[in-house]
2 protein chains.
Amino acid sequence: MCPAMRVVDHLREACQVYLLTMITRMSQLFLRTLRDDPADAEVASHKLLVRAGYIRRTAPGIYSWLPLGLQVLRRIEQIVREEMNAIGGQEISLPALLPKEPYEHTGRWDEYGDLLFRLKDRKGVDCLLGPTHEEMFTLLVKDMFNSYKDLPTILYQIQTKYRDEERPRAGILRGREFVMKDSYSFDMADEGLAEAYAKHRRAYINVFDRLGIDYAICTAISGAMGGSRSEEFLAVSPAGEDTFVMSSDGNYAANAEAVTTTPGQTYPLDGQPAAAPVTTPDCATIDQLVAFAAAQGFTGQSGEPVTAADTLKCVLVAVTDTDEEKTRNLVGILVPGDREIDFKRLEAAFDPRPVEMASEADFAAHPFLVKGYVGPRALVDHDIPVYVDPRVAAGTRWITGGDAPETHLVDMVAGRDFPIADTIEAAEIREGDPAPDGHGTLTLQRGIEIGHIFQLGRKYSTAMDLKILDESGKLAIPTMGSYGIGVSRLVGVIAEQTHDDKGLCWPVSVAPYQVHVVIANKDADAAAAAEQLAIDLSNAGLDVLFDDRPKLSPGVKFKDSELLGMPFVVVVGRSFADGQVELRPRGDEPTMLDVATAPQSIIELVRKGATSSR
Amino acid sequence: MCPAMRVVDHLREACQVYLLTMITRMSQLFLRTLRDDPADAEVASHKLLVRAGYIRRTAPGIYSWLPLGLQVLRRIEQIVREEMNAIGGQEISLPALLPKEPYEHTGRWDEYGDLLFRLKDRKGVDCLLGPTHEEMFTLLVKDMFNSYKDLPTILYQIQTKYRDEERPRAGILRGREFVMKDSYSFDMADEGLAEAYAKHRRAYINVFDRLGIDYAICTAISGAMGGSRSEEFLAVSPAGEDTFVMSSDGNYAANAEAVTTTPGQTYPLDGQPAAAPVTTPDCATIDQLVAFAAAQGFTGQSGEPVTAADTLKCVLVAVTDTDEEKTRNLVGILVPGDREIDFKRLEAAFDPRPVEMASEADFAAHPFLVKGYVGPRALVDHDIPVYVDPRVAAGTRWITGGDAPETHLVDMVAGRDFPIADTIEAAEIREGDPAPDGHGTLTLQRGIEIGHIFQLGRKYSTAMDLKILDESGKLAIPTMGSYGIGVSRLVGVIAEQTHDDKGLCWPVSVAPYQVHVVIANKDADAAAAAEQLAIDLSNAGLDVLFDDRPKLSPGVKFKDSELLGMPFVVVVGRSFADGQVELRPRGDEPTMLDVATAPQSIIELVRKGATSSR
């Protein structure tokens, strides 16, 4: 006996019970397809997954996984597991019901606000349902390890998470109970963290490529003012909630918060006209100011009549220190008048210090700030820090507030009349802005977050007091990374990206069944041949769905097969009399196969499909 | 190329990533073994699973699964899954976070009391963490199915459950968050339910046999006074919380509640002496009465002096009707004076009607009841129902209460002086009692509940208003079964039943790794040979743990290998110089193997082990 045959026999034996049940008969399947979209569904994946009987709503944002949906979920889990194991990740499983203390240590018990499901046990002890597990993994490593020799380590789990979303939406795209792969890396040195991060990045690319997803890797946090390295994997989809930018050549992608602005052109400071005040009645808005200035014959940098881009908006914000004293600092942000402040970008720029717009009280406390006419001069005179948009380059000329009612200053030159040492990324990004990498322009796109990799640094290890003996025998605080994949969300994402107008269209890598054999002929011989075909394919290791429902018309069965979305449908129909069956590869032209050679042809096609989707 | 070789190649390709990581190196494993038992651990499995780094306590009754523990858990899950699929079970997955309403419908929201984890979401909506899912599965079938043609169906899930146990104990033997396989059967007719029940019984036997567990199948609820068929699978263990009885020949096992009493011998009513009152001063207790009666020369049924078994205790209880009126009914229970009432058996006998001991108020309301001297005569005279222990057979003679202070009746004959039509199983079971099946006597044993199968009938389908069109086109209420296996608990049970004084001893079917290769030789060639051996075994499809830790002594490694408990340990040690390695099958004598043929010998042994444990 050839040794391989022995292995196959052994495998067959090991899988015996499984093989016996590998053909799933639709006559017995726990399935009901629906003709109508569920009332609460807006996006295609949600509608189709419910109509095709993959998932069922149990409560707002909480879903049950029916047989077909669970198969897809498990296949995705397995792909994630394989790629995590390939980078040396070790799978463990932490509870979902967690004690409060660790989350109090890091402040997240409060920070999470309403997003956290909180409860008390019978003894009145506070508990929570884990939204993510940084605290718990840190504690676990603290409990298990004490020497640098134990590190580096990458730990992960594929586990049910809970977040009490304010607006759960789009079925499993944003649920309140969902499956996530979360992993955590622990390293003594920053280089180790960088390596763990790079490994995860590669593993995530493998996962999403194997799933056939169209996605972008977006730089997620600007390094401008602190914050560690972080990237988001966003599946491109109009159903997405996140906006991201991509350069026209596709080589650059980032979250709006992370986009860096191309600095404006500089001009010599010498030879520019001196700044001068101008009385500007009824010019409290930029539009009014531009109209007035143009009427006065003022020109902008280009020599053309003044536009909003030649005016300089001075936005006052208050930034609060995070130390014990929590000092509230007024700061001026200078941006060209044709751009709004993007508050999310502003927040990211000052992170972790919270920022808010200056209040009436702030203005009242500083009478030199004249609302509607604030300019950089008063700020500089009163030692209020000024941050400028990178477009406000040295030597550029601006019309800006004159710090007195109905007064502006013209010919205010950047770097001469106000400082430009500190720049800030706070202005909105617009479609057509130059790409930060210097190639082409930016487009705005919508995406669904499917993965996030994050260099945490020592925030959690410090908070949880995780200390490890380093090579010199001193206690040191390890550096951490945290990495997530929205596993159950991916089921929705793949459905969203691959469906057509008839139904779901699963890639071979995650389809619940690779082949769907349909009896569409009342002849008993045809039914027997279809069953034999299903058995042959199953024995060859394929997962087969078999539509053996006796009383349904071929039309109903075909509609169901389109809705359910297996990659290969084989119809044993009218042409069976001529010794043929029809192969319908989803999204491709049907072909006729001889009954005798059909199994071999189908097996080869499925294998090709499995390879191409990786 | 032989066709089997093609399949193997295909499998290899499909498993490539997995194969790469199949050898687990202890130098990198997330593991720390402990020398000391955890302070809170009492039972062996708890101590060993923590010491060997399989699990870690996160909160009271809540555990984290570390790499080795998770492997065991997954293997058990897979065996359960295979056997459930083999009986046609369809796997789905319901949420753990559930809405309140369905559990209000069945009354369990209240009935569960403190055992239920309850919480409110951000909108103040009441939720719970599912302790079991009868309500949800019933609703799901209601949502999906409407015709008898859709039935029968068996649905199951392997899922995390939550119960806020008052006294979580013994590690994962009784936790507050745990993994359970729960399944539910739906049938139109009672015969269908019986069949689904039989299928589950068979599947459970297969599961527990494959896991190598020593268990008893215990009849769980007496059919005497209503209640559906139910059996518990109890793993025999002194660490168990449940008491059950087993007959001396092992053919009968039951929960104490379900044991039926062998009826006493009957005697002719004719020719017996007439009942007569006797003044019995200071005889309020059975002991006092027996001493007094013996001193008076009274004899029992056997003609010997009176013993406690010749006296008849008349216990008054109050049973409350479950209908709207909730009438409270006084009932007399007559048991031989040498036996106590077993309250759990009493409860089971009246289930679902709640029962409690008669109160002072009951006595006060019925002045004919003389405390300490209550006998059947007053009960019969005042139409209070009387239930008798089966030992109180027709024609037996008793000394019992005379319904007046310091008075008893002697020669009270069952079936003549009081009715015996209604019997009840309420007396305690004692070691040595005759087995109900007529063979041998009963022993009392302790066990851990690992499975429970239950014919629910129409309780939940009625409560949730599940109606299905039957063959005649009428709406009918399906009958249900519910079936559970404590999956995570099984990890503890197997550890408990198989460990020895050195550590865990896993059967091949669930061991995290089948083979543990240990380098115990500082020679570089030995280390290389050990690695090659590990790779060869892994390539042959075995799961291999490889102790490659460079700086530890052989003694430490051997101790760890005993604690961790893989079924086969292979030591590449001193004898490697002679071309030999040592095979240590756990619990068996070590043998020496030639390096060259070692892989083949080990593979065969593992396969044999895998077969024998099934």
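All residue numbers refer to positions counted from 1 along the written sequence of the respective chain. Lettering of chains starts at A and numbering of ligands starts at 1, both following the order in which they are written. With the structure being a predicted model, the display of local features is reserved for residues of pLDDT at least 70 and the display and counting of side-chain atom pairs for 80 or more, all residues being used for whole-chain, interface and lining totals. To get the side-chain values, take all heavy atoms of the structure and skip hydrogens and water.

For chain A, the name recorded in an unreviewed UniProt entry is Proline--tRNA ligase, with Corynebacterium choanae as its organism. Heading Sequence similarities (unreviewed entry) of the UniProt record for chain A holds this comment: "Belongs to the class-II aminoacyl-tRNA synthetase family. ProS type 1 subfamily." UniProt positions are given in the numbering used here, feature names are shortened, and annotations may be inferred rather than shown by experiment.

Chemist: Break down the interface of chain A and chain B for me, citing the residues and quoting the values.
Modeler: The contact criterion used is simple: two residues touch if any of their non-hydrogen atoms lie within 4.5 Å. Counting from both sides, the interface comprises 66 residues of chain A and, opposite them, 68 residues of chain B. Defined in terms of a 1.4 Å probe, buried area is the accessible area two parts forfeit on being brought together, summed over both. Both faces considered, chain A and chain B share a buried interface measuring about 6,200 Å² in area, 61% of it formed by carbon and sulfur atoms. By convention in these notes, a salt bridge is any Lys or Arg side-chain nitrogen within 4 Å of a carboxyl oxygen on Asp or Glu. Summed over the shared surface of chain A and chain B, the result is 10 salt bridges. A salt bridge links Arg176(B) to Asp121(A), with the shortest nitrogen-to-oxygen separation between them at 3.0 Å. Think of a polar contact as two N or O atoms within 3.5 Å of one another; within protein, one of them needs to be a possible hydrogen donor and the other a possible acceptor, and neighboring residues in sequence only count if both atoms come from side chains. Connecting chain A to chain B are 20 residue pairs in polar contact (both at pLDDT 80 or more). Among the elements that line the side of chain A that touches chain B, the one with the most residues is helix α4 (residues 67-86) of chain A, at 8 residues. Helix and strand assignments come from DSSP, with helices taken as H or I runs of at least 4 residues and strands as E runs of at least 2, each series counted from the N terminus.

Chemist: Before we move on, could you go through the sheet that holds strand β29 (residues 591-594) of chain B and cite the residues and values that matter?
Modeler: Residue and element names in this part refer to chain B. Strand order in the open sheet made by the 6 strands is β1-β26-β25-β27-β28-β29, with mixed pairing throughout. One side of each edge strand has no neighbouring strand; the edge strands of this open sheet are β1 (23-25) and β29. Taken pair by pair, the neighbouring strands of this sheet meet at an average axis angle of 25 degrees, ignoring direction. Whether two strands pair comes down to DSSP finding at least two bridges between them. As defined by bridge partners, β1 adjoins strand β26 (residues 544-547) across 3 bridges and the pair is classed as parallel. Residue pairing across strands places Thr 24 opposite Leu 545, the latter belonging to β26. The convention used is that axes are lines fitted to C-alpha atoms, helices contributing only their stretch in contact, and that angles between N-to-C directions extend from 0 to 180 degrees. Contacting β25 (515-519), β26, β27 (568-572) and β28 (580-585), helix α16 (residues 554-564) runs over the sheet at an angle of about 170 degrees to β25.

Chemist: Give me the relation of the copies chain A and chain B: which residues, what numbers.
Modeler: In the superposition of chain A on chain B (RMSD 0.1 Å, axial shift 0.1 Å), the rotation amounts to 180 degrees. The transformation relating the two chain copies, once decomposed into turn and shift, fits a two-fold axis. Relative to the rotation axis, the C-alpha of Leu119(A) is the closest in chain A, positioned 2.6 Å from it. Interface residue correspondence from chain A to chain B reaches 98%, placing this contact among same-surface, isologous pairings. When the copies are superposed, the least-squares fit takes in the C-alpha atoms of residues with a pLDDT of at least 70 in both.

Chemist: Residue-level account of the packing of aromatic side chains, with values.
Modeler: Residues and elements named next belong to chain A. Classification of ring pairs rests on two measures: the distance between centres of Phe, Tyr or Trp rings, Trp counted by its six-membered ring, which must be within 6.5 Å, and the angle between planes, read as stacked under 30 degrees, edge-to-face over 60 and tilted in between. Scanning the model with the defined rule gives 18 aromatic pairs over all chains in all. Charges are assigned to positions over rings by a cutoff of 6 Å between ring centre and Lys NZ or Arg CZ, combined with an angular limit of 35 degrees from the ring normal. Across from the ring centre of Trp 109, 5.0 Å away, lies the NZ or CZ of Arg 118, which sits over that ring. Residue placement shows Arg 584 over the ring face of Phe 558; its charged tip is 4.1 Å from the ring centre.

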